[in-house]
Amino acid sequence: MSRAVVVRLGAFAGVLALAFAGTFALGSAIDPIAAADPAQETPGMAGMEQPAAGHGEGHGDAAGQPPGLAVSQSGYTLVPATTFFQSSQQTALRFTIQGPDGKPVTQYTKTHEKDLHLIVVRRDLSGFHHLHPTMDATGTWSIPFTFTAGGTWRLYADFQPAALDETLTLGTDVNVSGLYIPVPLNDPASATTVDGYDVTLAGTPQAGKESELTFAVSKDGKPVTDLQPYLGAFGHLVSLRSGDLAYLHNHPAEHADAGTKGGPQITFGTTFPTAGTYSLYLDFQHAGAVRTAEFTVRVGTDGTAIVPPTPQPSHPGKSSSPGHGETPHGH
Ligand SMILES: [Cu+2]
């Protein structure tokens, strides 16, 4: 009984001890997350009890958090059919909204004329799309889609279950393989151009307070006065907070009936929850097509006025606007 056995046992015990030490180290490494609340600090017991405390806080209580940050809330969960895609290949975005009973939700209350709005954007805030998938009898939503480039993309479902009194925005990340070149945000600017439309932004956004944002649309130097209603309004505004992609959806106070004309101004009452940088996507419809104008806005704790450039009367023979806002924007 040889020494060899004893030695081997000893070695085995050593391995166990190492494994145990490893587990312990891992445990400690995880603790700081749960111990984020300084009130929970228990020196010595370094967070052994923390996970339970953490759970109580996080469940369904999204109070104070803007929408779009959670995949599951108030008993409803966004369940994508897959989270792996290939860029430049048409695919189907397919998902269900799982209800509190674990089954796909099939009954919705329309918001902005649709049962569900799907927003797709890459996590660098480029490649924004606002889509309206269709639902089959089983509650599976789908829409053909082509991711134009690789990277991590975020899907938001914005909807109101028939059984709930409020709208929910659930978000999930998906992985798209393919070339990924991150696109930095445009610098904050009060004017931009999309498909030949010049769009300006005016307002005094302030963190935590409702402020008015006024967009004005013109084309070839002339204000556009025949904007068409799109989803019951002359404009839709989605704002995403840079850093965590929190989601804000706004629409003008006034409803736009079919056949009426709007513009050049579209005004929104918007409350940015915190100071920070936001990417704003304004959808408007003109001449039968929906366009999206993008703005980067810095929101501070003091209201800082965004002043649009004064419209230049177009002089024959002179270029009217000196290249403002014509930023190359990668999509
Ligand atoms: Cu929509």
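Preceding this paragraph is the structure being described.
Residues numbered from 1 in each chain as written. Predicted model: local features only at pLDDT ≥ 70, side-chain atom pairs only at ≥ 80, totals over all residues. Heavy atoms only, no water.

**Observations regarding the pattern of salt bridges**
1) Next: Taken as a whole, this structure holds six salt bridges when the rule is applied.
2) Next: Two residues, R122 and D124, come together in a salt bridge whose shortest N-O distance is 2.8 Å. For the pair R122 and D124, a shared accessibility class is recorded, and that class is buried.
3) Next: The salt bridge partner of D195 is R291, with a shortest N-O separation of 3.4 Å. Here the residue D195 occupies a position in the loop between β11 (191–194) and β12 (197–203), and R291 occupies one in strand β19 (residues 289–299), the gap between them amounting to 96 residues.
4) Next: Residue R291 is classed as buried on the basis of its relative accessible area of 17%.
5) Next: Linked by salt bridges that have partners in common, R123, R154 and D173 make up one network. (Salt bridge = Lys/Arg side-chain N within 4 Å of Asp/Glu carboxyl O. Buried < 20%, exposed > 50% of the residue type's maximum accessible area, 1.4 Å probe, protein only. Helix = DSSP H or I, 4+ residues; strand = E, 2+ residues; numbered from the N terminus.)

**What to know about the sheet that holds strand β3 (residues 84–86)**
1) Next: Judged by pairing direction, the sheet is mixed, and its five strands sit side by side in the order β3-β10-β9-β5-β6 without closing on themselves. Edge positions in the sheet fall to β3 and β6 (129–131), since each of these pairs with one other strand and no more. Along the sheet, successive strands turn relative to each other by an average axial angle of 30°, direction set aside.
2) Next: Strand direction decides the pairing type here: strand β9 (residues 151–159) and strand β10 (residues 168–177), joined by nine bridges, are antiparallel. If you follow R154 over to β10, its bridge partner there is D173. (Pairing = 2+ DSSP bridges. Axes fitted to C-alpha atoms, helices over the stretch in contact; angles between N-to-C directions.)

**Some remarks on the pairing of strand β15 (residues 236–241)**
1) Next: With six of six residues buried, β15 is to be regarded as a mostly interior element.
2) Next: What you see with β15 is no split at all: H236, V238 and L240 on one side and L237, S239 and R241 on the other are buried throughout.
3) Next: Bridging between β15 and strand β16 (residues 247–250) involves four bridges; their strand directions are antiparallel. Its bridge partner being in β16, S239 is matched across the sheet by L248.

**Focus on the coordination of the copper ion**
1) Next: Coordination of the copper ion by the protein involves H117 (ND1), H130 (NE2) and H132 (NE2), with metal-donor separations of 1.8 to 2.0 Å.
2) Next: Positions of the donor residues of the copper ion along the chain correspond to the pattern H-x12-H-x1-H. (Donors = N, O, S within 2.8 Å, 3.2 Å for Na, K, Ca; no water.)

**Considerations on unusual backbone geometry**
1) Next: Omega for the bond connecting G263 with P264 falls within 30 degrees of zero, at 0°, which places this linkage in the cis form.
2) Next: The residue S74 is not glycine, and still its phi comes out positive at about 50°.
3) Next: Along the chain, S74 turns up in the loop between β1 (72–73) and β2 (76–80).
4) Next: The partly exposed category is assigned to S74, whose relative accessible area is 30%.

**Focus on the sheet that holds strand β18 (residues 276–286)**
1) Next: With antiparallel pairing, four strands are arranged side by side in an open sheet as β16-β15-β18-β19. If you trace the sheet from one side to the other, it starts and ends with β16 and β19, each paired once. Taking the axes of each pair of neighbouring strands and ignoring which way they run, one obtains an average angle of 20° across the sheet.

**Section: the packing of aromatic side chains**
1) Next: Applying the stated criterion across every chain yields a total of eleven aromatic pairs.
2) Next: Aromatic pair F128 and Y281: ring centres 4.0 Å apart, planes at 10°, arrangement stacked. Here F128 is found in the loop between β5 (116–122) and β6, whereas its partner Y281 is found in strand β18, with 153 residues between them in sequence.
3) Next: A relative accessible area of 0% means that Y281 is categorised as buried.
4) Next: Considering the side-chain rings of Y156 and Y247, the 4.9 Å spacing of their centres and the 35° angle between planes classify their relative orientation as tilted. Taken together, the residues Y156 in strand β9 and Y247 in strand β16 connect sequence positions 91 residues apart. (Phe/Tyr/Trp six-rings, centres within 6.5 Å; stacked < 30°, edge-to-face > 60°.)

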